[in-house]
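The primary structure of each chain is shown beneath.
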Amino acid sequence: MLPNIKKITHRRENISAALLFDNFESPSFSSFAEKEAGYLKEKMASENEWTVFKQPLVFFFHKAKEGKAAWLQAESARQAGSKFYDVLKTEKITSLQIIGSSKNELTLPFLEGLLLSAYSFSKYKKEKDDYAPAEIFVLDVRVDEKKITELETLTSAVFCARNLVNEPLSYLTASRFSEEMEKMGHEAGFSVEIFNRKKIESLRMGGLLAVNKGSIDPPTFNVLEWNPENARNKKPLILVGKGVVYDTGGLSLKPTAKSMDYMKSDMAGGAVVAAVLYAVAKNKLPLHIIGLVPATDNRPDGNAYVPGDVITMFDGTTVEIKNTDAEGRLLLADALSYAKKYNPELVLDIATLTGSAEIITGTQAFVGMGNSNENLLRLKQTGEDIYERMVEVPLWEEFAKPLQSTVADLNNLGVREGQTSIAGKFLEHFTDYPWLHLDIAGVAFLQEKDFYRPAGGTGFGIRLLYHFLKKFN
């Protein structure tokens, strides 16, 4: 539950506050005694960018560091907001105010870091650990009600995705995943069409059907659409998300420790797509956007697909299966082929696709690639602006060679070296339009908290894609 956030024009007395400032001559310090102001100056004279002062109200001070680029200043503010949330939770503070007097625009990112930190997943706990302040007052002439509402909606979208990623397979089957996306569509105003197994079979989506062969639960293929009357794009923008609700690796079984044990998160790309549609529709962006989410689990049943099988994809391409744990690219390939029917302006797929992506970026960035250099550059810039950063890797023709097969058009694995690019090259085969691929394997699920990114599902990519789409011409 998010706090009630209100815009104010004057500082409130007797309420704890966060002060965002550039120097100690700021009007924000006018109410502090000389001794108190001196203490704060001494406390923050070093490299410290923030400190806490109790008297008995709690005052949190964040000082903009000179010389930092604007996007780094904003990220420092988000992290400070997260630290302030920790203080609020410890002190059990219900009302607070954020006073922005810095020449840098820090108030919104500070508020964003605070709000994103207020997430918890306590559904299955007897003792809940939920905390959020009841009300937040914002004092900054550059922040209006519209910006606050937009941030609240975007934060709610991130929380929706985090919840989906944190749900176990015992709850979130492919069918339940579809139902949850339907609920999000009903609440936000976008449409959701769900293809059942019979429909998927009639479309001959061989990749999705192959991965699903070992499951006792049916697959789904989900089409999410936001198409307002004032859409400024004549051709739709399409988001494709991997929806593997649990990945054992199939018959190419994963080891358990630090591998299979968090594979409930393998549908994070699909959760991101649904959450972006939620934020876009709720905030009524004038864009025609379609989301495609193929969903299933990947299990080693007696009827499961096996290494050596040859399957036929939606577009007629035959694929030799070398490894059943390279399943995500099979689902995505069917969805990317299906996207051709819309004659899209741009397609972006997002997926926890390769372990090698995590080796490249750790938990700090996603791996990006594609055939639309202009859009890739814009995506990278947006990622820096909101601190969901990208490391670009190439899609050289040499990466297609390991995908050659002696019995089919392609094989689904290639070789270990350069695997993130090879997986991207496999996906590229199924595109004939401007396309970008986002591999979020390292950032979709964390083992421990990192400021405003919690342990568990992070919702990484939602803020990135929302702001990228918002600025799309």
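Located above this text is the structure these notes cover.
Bear in mind that the values here come from a model prediction, so they are computed numbers and not experimental data.

## Regarding the pairing of strand β2 (residues 16-21)
For step 1, the next point in the chain: Summarising burial for β2: six of the six residues are buried, a large majority.
For step 2, the next point in the chain: Taking every second residue as pointing to the same face, both faces of β2 are buried, with Ser-16, Ala-18 and Leu-20 on one and Ala-17, Leu-19 and Phe-21 on the other.
For step 3, the next point in the chain: Note that β2 and strand β5 (residues 95-100) share five bridges and pair parallel. Directly across from Ser-16, in β5, lies its bridge partner Leu-96.

## A look at the side chain of His-62
For step 1, the next point in the chain: Its location among the elements puts His-62 in strand β4 (residues 58-63).
For step 2, the next point in the chain: Apart from residues no more than four positions distant in its own chain, His-62 is found in contact with Leu-19, Leu-20, Phe-21, Glu-49, Trp-50, Ser-76, Ala-77, Ala-80 and Leu-106.

## Quick look at the sheet that holds strand β17 (residues 410-411)
For step 1, the next point in the chain: Taken in spatial order, the three strands line up as β12-β13-β17 in an open sheet, and their pairing is mixed. Every other strand in the sheet has two partners, leaving β12 (310-312) and β17 as the edge strands with one partner each.

## Here's the deal with the sheet that holds strand β6 (residues 135-139)
For step 1, the next point in the chain: On the basis of which strands lie adjacent, the open sheet formed by six strands has the order β1-β6-β5-β2-β4-β3 and mixed pairing. Edge positions in the sheet fall to β1 (4-7) and β3 (50-54), since each has one partner strand and no second. For this sheet, the mean angle separating the axes of adjacent strands, direction not counted, is 15 degrees.

## Some words on the packing of aromatic side chains
For step 1, the next point in the chain: Applying the stated criterion across every chain, the model contains 20 aromatic pairs.
For step 2, the next point in the chain: Judged by centre distance (5.3 Å) and plane angle (70 degrees), the rings of Phe-221 and Tyr-338 are edge-to-face. On the criterion of sequence distance, the pair formed by Phe-221 in strand β8 (residues 220-226) and Tyr-338 in helix α9 (residues 328-338) is long-range, its members being 117 residues apart. The two residues Phe-221 and Tyr-338 agree in class, both being buried.
For step 3, the next point in the chain: Connected via pairs of aromatic rings, a cluster forms that spans Phe-195, Phe-221, Phe-314, Tyr-338 and Tyr-342.
For step 4, the next point in the chain: Sitting over the ring of Tyr-171, Lys-123 keeps its end group 3.7 Å from the ring centre.
For step 5, the next point in the chain: Its guanidinium or amino end placed over the ring of Phe-195, Lys-199 lies 5.2 Å from that ring's centre, counting from NZ or CZ.

## So, the environment of Ala-231
For step 1, the next point in the chain: Within the secondary structure layout, Ala-231 lies in the loop between β8 and β9 (237-241).
For step 2, the next point in the chain: Looking at Ala-231, the relative accessible area reads 25%, which means it is partly exposed.
For step 3, the next point in the chain: A sequence separation of 58 residues divides Ala-231 from Ile-289, and the C-alpha atoms of the two residues are 9.2 Å apart.

Each value, and the rule that gives it
- Residues numbered from 1 in each chain as written.
- Predicted model: local features only at pLDDT ≥ 70, side-chain atom pairs only at ≥ 80, totals over all residues.
- Heavy atoms only, no water.
- Buried < 20%, exposed > 50% of the residue type's maximum accessible area, 1.4 Å probe, protein only.
- Helix = DSSP H or I, 4+ residues; strand = E, 2+ residues; numbered from the N terminus.
- Pairing = 2+ DSSP bridges.
- Contact = heavy atoms within 4.5 Å.
- Axes fitted to C-alpha atoms, helices over the stretch in contact; angles between N-to-C directions.
- Phe/Tyr/Trp six-rings, centres within 6.5 Å; stacked < 30°, edge-to-face > 60°.
- Lys NZ or Arg CZ within 6 Å of the ring centre and 35° of its normal.

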